[in-house]
Amino acid sequence: MSTATHRDAAEIGRTAKGPRAVPLLGDQRAAGNLSSVDTTIGNGLRVLAVRKANVPLVELRLRIPFAGADPLHPAMAEVLAETILTGTARRDRIEIDTELALIGGEVNATVDPERLSVNGSALADGLPTLLDVLADVLTSASYVDNEVGRESARLVERLAVSRTQPRVIAREALLKHVYGDHPVTREMPEAEDVAKVTPDAVRALHARAVLPRGSVLVVVGDIVPESVVSDIEKALQGWQADAEAAVLPPLPAVTGRDVLLVPRAGAVQSQIRLIAQALPRTDPRYAALQLANLAYGGYFSSRLVENIREDKGYTYSAHSGFEFTGATATVGVDADTANDVSAAAVLETFYELGKLALVPPTEEEVESVRQYAVGSLLTSTASQAGLASQLSALAAGGLGAEWLAEHPARLAAVTVEEVAQAALDYFAPVRFTGVVVGDAESLAPRLAALGGFTVGEPAQS
Amino acid sequence: MPENSRFTLDNGLRVVLAPDPTAPVVGVSVHYDVGFRSEPEGRTGFAHLFEHLMFQGSESLEKLAHFKIVQSSGGTFNGSTHPDYTDYYEVLPSAALERALFLEADRMRAPKLTPENLANQIDVVKEEIRLNVLNRPYGGFPWILLPPVLYRTFPNAHNGYGDFTDLEQASLDDCAAFFDTYYSPANAVLTVAGDFEPDRARELIEKHFGDVPYRPAPPKRSFAEPPPAGEVRDSHTDPHAPLPALAIGYRMPDPINELDGYLANLVLAGVLTDGDGSRLQQRLVHREPLVTDIGAGAGLFGPFEARDPDTFSITAIHAPDVSPDRVLSAVDEELEKLAANPPEAQELQKVTARWAASLHSEHDRLVSRTLGLGSFELLYGDPSLMYRLADRMAAVTAADVAAAAKALRPDSRAVLVVEPENGESK
């Protein structure tokens with residue numbers, strides 16, 4: 001590229017006609033109403049079936065509350081999730097995979113401290129097979145010894161890989177710092193616990209905890225909701241139990257206190273993770289708080305991103321968002337930054353919290369986040385998979401499709417004053433705590449200068 | 001797709017329209033026919049750095065305005081840099097279609113390239129590299145680490161994220177030259193998909209893009225180079241990885257001019273590693289077991305995103321007491337078996353049914369449908385090919401897959417071994 005063959009940067013950036021005006025928005029059409037059924041079938045399972053027929057697929061999301069107080073529970077639950085699809089009374093592991101593959105299907109199981117999730121999808125005409133495999137797994141997963149042994153060994157290797165990920169290290173440190181030894185902190189089991197899990201223990205856990213009552217199944221796709229509900233009722237009639245699936249004990253409220261600097265010697269980047277108590281979606285003030293969060297760090301045009309990424313270049317990504325657990329919610333702030341700017345990034349992050357609480361969002365800011373909240377809801381629910389995941393998350397909080405349909409109106413009704421009040425009540429810096437994980441030698445002196453920092457491992461705090 | 005859904009403006013901009021009224025949202029994307037394979041030597045990472053700069057303002061829009069306008073219209077946006085193209089997109093409520101077209105047109109016509117924005121985005125990109133590569137186990141594996149083993153020439157072998165020294169030396173004049181060479185309308189494809197009325201969209205496209213001046217598209221470069229004459233090996237020490245890993249890279253048929261051969265490789269990848277019943281999963285994960293995870297695929301970011309030459313890769317993470325050669329010889333044996341005895345009909349059906357479902361699922365997400373149509377227009381000159389892929393894949397025969405397996409030869413491949421740094425693993 002020689003300089004003779006191209007314009008310079010200034011020439012490129014201007015035209016004879018000059019700057020032009022941004023076009024106005026046109027009229028917006030609302031999303032069409034979706035036909036749906038939300039019901040509880042005979043075995044106590046709530047079923048939410050929605051017709052969305054853009055493509056000939058079906059998406060399935062099953063959530064089973066799956067809490068446990070046993071210290072070995074996280075390890076047993078993780079091994080159960082890894083092996084629930086490895087064989088049943090009627091099918092071995094390869095037969096399950098083959099039958100699903102032939103209908104273009106996938107099923108996977110994951111577990112966290114709150115619930116066991118079994119998610120699947122297939123070509124719509126394969127739904128009978130998908131339901132048959134699901135029922136088979138729920139009622140007769142066999143957990144044969146060699147599958148449990150081999151998957152446990154793989155799990156130990158995967159845990160080793162995960163625990164070297166900075167975001168995983170930071171997540172574990174944050175949860176321990178905030179919730180002590182509440183079961184919610186045990187998102188990943190300890191490797192030595194996994195080694196103790198026997199096939200018998202997994203079978204016993206399945207028998208007492210994989211229960212329909214209290215669980216929710218969401219089905220979205222090229223389906224007829226009414227007939228799908230009766231298909232599900234038929235397919236799952238063998239899945240019966242009187243007990244309720246186990247719900248996680250309530251979380252203690254997060255209160256503001258010192259941020260913990262967790263040393264990670266030699267790290268080239270630090271993880272900043274802050275957290276404060278927030279409001280669940282069922283709260284009448286949730287919509288206002290949702291807008292306040294967006295204005296803070298919940299989307300790219302937020303105050304936090306503009307400050308520490310676009311203005312100062314401290315980070316590739318900075319973000320704030322809600323996490324919903326049981327009947328409660330928290331708001332978290334995260335950014336990953338180079339060592340020499342980490343303390344400055346923390347300063348700016350707290351500065352923006354204080355500023356949001358004290359210098360209310362302008363009308364323009366509120367209109368921007370309002371449009372974004374409505375638009376991103378439209379976009380995220382425009383696909384079958386997106387809609388299924390949204391509905392599943394809502395259903396876990398006792399909500400349904402009507403909440404999605406009504407939410408744009410709730411967002412439209414929020415006033416600028418309500419957003420300002422939510423910001424003051426929930427984003428004040430004193431409400432926050434959290435962790436910074438990084439190279440303590442380079443970070444500690446500067447963070448100490450900011451105040452409100454303790455150095456240490458979270459287990460000891 | 002109907003014939004009138006594609007047209008070309010006088011300035012050379014190719015346009016693809018794909019109306020779909022099922023949800024009130026619209027996707028707009030622009031693909032530029034330049035990726036990191038076109039970077040000048042000494043400017044590794046430049047195409048990606050430039051992608052960042054294209055969001056930093058234009059004649060009508062100050063810095064940050066692009067993000068604000070998209071998001072305050074209810075939309076989302078992003079861009080990404082690939083070996084052979086760079087894409088930009090917005091997905092918005094359909095009322096914001098004209099705005100999205102305006103935004104893309106304004107930066108195609110007159111982006112604001114300033115020293116401040118360049119310096120700021122060099123910092124941001126360096127943080128992105130720290131986040132995704134330097135501070136993470138298996139960062140850059142295999143997409144940054146494998147190409148320099150498999151390829152000899154700068155375009156194919158270099159780091160597409162870039163070296164810090166190269167990034168820091170990028171100048172504003174480099175940016176200007178890059179823009180004038182590659183970011184002309186004749187070197188781009190505009191795609192609009194979703195909820196809109198085609199005639200109205202065409203008017204709006206003429207209105208906003210029509211006066212972006214014509215500049216010639218750069219002549220198409222070939223990145224061809226011969227496959228390795230033997231097996232080439234290299235190793236990389238990863239300070240964060242707890243377990244060793246292995247990547248095998250092979251050259252594969254030209255994705256554009258030998259599409260059916262390329263698709264046979266995709267089916268082969270599925271037969272090898274897709275699902276518990278696949279050949280390498282069964283043997284290496286469940287039966288023997290030698291590896292924690294194994295995967296195979298065409299293209300280091302996925303299929304259909306590069307011209308020739310493209311890479312077929314097999315990657316595995318394995319226990320420290322398993323040697324890379326044990327994994328390699330098991331892979332070679334399975335490939336030989338497939339080459340000698342073509343797969344069963346049911347094995348192919350499993351792979352092609354899963355591909356059909358995953359293609360439907362991709363088309364259902366507006367953002368991937370928009371980007372897919374744009375990249376198929378750019379690379380293949382045929383956006384509707386995207387909708388025919390499932391049938392083309394279903395037509396791949398067992399003999400085609402056997403032939404593809406036979407072509408993955410041990411004496412013409414790259415082997416990259418990732419070794420954990422001693423002491424770090426626990």
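Residues numbered from 1 in each chain as written. Chains lettered and ligands numbered in written order. Predicted model: local features only at pLDDT ≥ 70, side-chain atom pairs only at ≥ 80, totals over all residues. Heavy atoms only, no water.

Q: Looking at this structure, how should I read the overall build of chain A?
A: A tally of regular secondary structure across chain A gives 17 helices and 12 strands. Compactness check: chain A gives a C-alpha radius of gyration of 25 Å against a globular reference of 23 Å for 461 residues, within 12% of the reference. Structurally, chain A occupies a C-alpha span of about 70 × 55 × 55 Å along its principal axes. Counting over 461 residues, chain A shows a buried share of 57%. The contacts of chain A with a sequence gap of at least 6 include a subset with a gap of at least 24, amounting to 81%. Working note: accessible area of chain A is about 18,300 Å², and carbon and sulfur atoms make up 54% of it. (Helix = DSSP H or I, 4+ residues; strand = E, 2+ residues; numbered from the N terminus. Rg over C-alpha atoms; globule rule 2.2 N^0.38 Å. Buried < 20%, exposed > 50% of the residue type's maximum accessible area, 1.4 Å probe, protein only. Contact = heavy atoms within 4.5 Å. Areas by Shrake-Rupley, 256 points an atom, 1.4 Å probe, with all protein chains shown as cover.)

Q: In this structure, what is going on with the domain arrangement of chain A? I would like to understand it.
A: Residue and element names in this part refer to chain A. Annotation of chain A at the domain level lists domain 1 (36–235) and domain 2 (259–455). Taken residue by residue, the interface counts 33 residues in domain 1 and 32 residues in domain 2. Taking both sides of the interface into account, the surface hidden between domain 1 and domain 2 amounts to around 2,400 Å²; carbon and sulfur atoms contribute 63%. Between the two partners, domain 1 and domain 2, sit 1 salt bridge. (Domains from an automatic or database assignment. Buried area = accessible area lost by both parts, 1.4 Å probe. Salt bridge = Lys/Arg side-chain N within 4 Å of Asp/Glu carboxyl O.)

Q: Hey, could you run me through the sheet that holds strand 7 (residues 231–238) of chain B in this one?
A: Strand pairing in a sheet relies on backbone hydrogen bonds. The paired strands run either parallel or antiparallel. Residue and element names in this part refer to chain B. Strand order in the open sheet made by the 5 strands is 7-11-8-10-9, with mixed pairing throughout. The sheet terminates laterally at strand 7 and strand 9 (291–298), the two strands that pair on one side only. Each neighbouring strand pair of the sheet contributes to a mean axis angle of 15 degrees, computed without reference to strand direction. Taken strand by strand, helix 10 (residues 259–273) contacts strand 9 and strand 10 (311–318), and its axis lies near 165 degrees from that of strand 9. (Pairing = 2+ DSSP bridges. Axes fitted to C-alpha atoms, helices over the stretch in contact; angles between N-to-C directions.)

Q: Teacher, can you tell me more about unusual backbone geometry here?
A: Trans is the common state for peptide bonds, and a negative phi is the common state for residues other than glycine. The omega torsion across Phe141 of chain B and Pro142 of chain B is -5 degrees, close enough to zero to call that bond cis. Checked against the element boundaries, Pro142 of chain B lands in the loop between helix 4 (115–134) and helix 5 (147–150). Cis rather than trans, the peptide bond between Asp308 of chain B and Pro309 of chain B has omega equal to -5 degrees. Position of Pro309 of chain B relative to the elements: it lies in the loop between strand 9 and strand 10. The residue Tyr143 of chain A is not glycine, and still its phi comes out positive at about 50 degrees. On the secondary structure map, Tyr143 of chain A appears in the loop between helix 4 (127–140) and helix 5 (145–162). For Tyr138 of chain B, which is not glycine, the phi torsion reads 60 degrees and is therefore positive. Looking at the element boundaries, Tyr138 of chain B is found in the loop between helix 4 and helix 5. Among the residues examined, Tyr138 of chain B registers a relative accessible area of 11% and is labelled buried.

Q: Would you mind going over the environment of Val184 of chain A with me for this structure?
A: Residues and elements named next belong to chain A. Relative to the helices and strands, Val184 is located in the loop between helix 6 (166–179) and helix 7 (191–196). Judged by relative accessible area, which is 9%, Val184 ranks as buried. The spatial distance from the C-alpha of Val184 to the C-alpha of Pro74 is 9.9 Å, given a sequence separation of 110 residues. Those residues in contact with Val184, other than ones at most four positions away along the chain, are Pro113, Leu175, Tyr179, Leu248, Leu251 and Thr325.

Q: Just to check I follow, could you spell out the domain arrangement of chain B for this structure?
A: A common way to report how large an interface is uses the accessible area buried once the components associate. All names here are of chain B. Parsing chain B into structural domains produces domain 1 (3–209) and domain 2 (232–420). Distance between the C-alpha centres of domain 1 and domain 2: 27 Å. At the interface, 44 residues of domain 1 touch 47 residues of domain 2. A salt bridge links Glu377 to Arg6, with the nearest nitrogen and oxygen atoms 2.8 Å apart. Where domain 1 touches domain 2, the interface holds 14 residue pairs in polar contact (both at pLDDT 80 or more). At the level of secondary structure, the elements contributing two or more residues to the side of domain 1 that touches domain 2 comprise strand 2 (14–19), strand 3 (25–32), strand 5 (86–93), helix 5 and strand 6 (188–194). (Polar contact = N/O pair within 3.5 Å; in protein donor to acceptor, adjacent residues only side chain to side chain.)

Q: It is not clear to me how the nonpolar core should be interpreted in this structure. Could you clarify?
A: One recurring pattern in soluble globular proteins: nonpolar side chains tend to sit buried together. Within the largest apolar cluster, 129 residues are counted, with the highest numbers of intra-cluster contacts made by Phe427 of chain A together with Phe50, Tyr183 and Ile205 of chain B. Residues Val189, Leu272, Leu284 and Leu338 of chain B belong to the second largest nonpolar core, which totals 64 residues. (Core = buried A, V, L, I, M, F, W, Y, C linked by side-chain atoms within 4.5 Å.)

Q: Just to check I follow, could you spell out the side chain of Arg369 of chain B for this structure?
A: Structurally, the position occupied by Arg369 of chain B is in helix 14 (residues 366–380). Those residues in contact with Arg369 of chain B, other than ones at most four positions away along the chain, are Asp20, Gly194, Glu362, His363, Asp364, Met386 and Tyr387 of chain B.

Q: What is the right way to look at the sheet that holds strand 11 (residues 433–438) of chain A in this model?
A: Residues and elements named next belong to chain A. Pairing within the open sheet is mixed, and its 6 strands lie in the order 9-10-8-11-7-12. The two strands at the open ends of the sheet, each matched to only one other strand, are strand 9 (315–325) and strand 12 (453–455). Across the sheet, the axes of successive neighbouring strands diverge by a mean angle of 20 degrees, strand direction being ignored. Pairing between strand 8 (residues 269–277) and strand 10 (residues 328–338): 9 bridges, direction antiparallel. What sits directly across from Leu274, in strand 10, is Val333. Packed on one face of the sheet, helix 6 meets strand 7 (259–263), strand 8, strand 9, strand 10 and strand 11 and runs near 145 degrees to strand 11.

Q: Would you mind showing me how to read the interface of chain B and chain A here?
A: Taken residue by residue, the interface counts 88 residues in chain B and 82 residues in chain A. Taken together, the two surfaces of chain B and chain A that pack against each other cover about 7,200 Å², and 57% of this comes from carbon and sulfur. For the pair chain B and chain A, the interface holds 10 salt bridges. One salt bridge in this structure joins Lys63 of chain B and Glu310 of chain A, with 3.8 Å as the shortest N-O distance. The interface formed by chain B and chain A includes 37 residue pairs in polar contact (both at pLDDT 80 or more).

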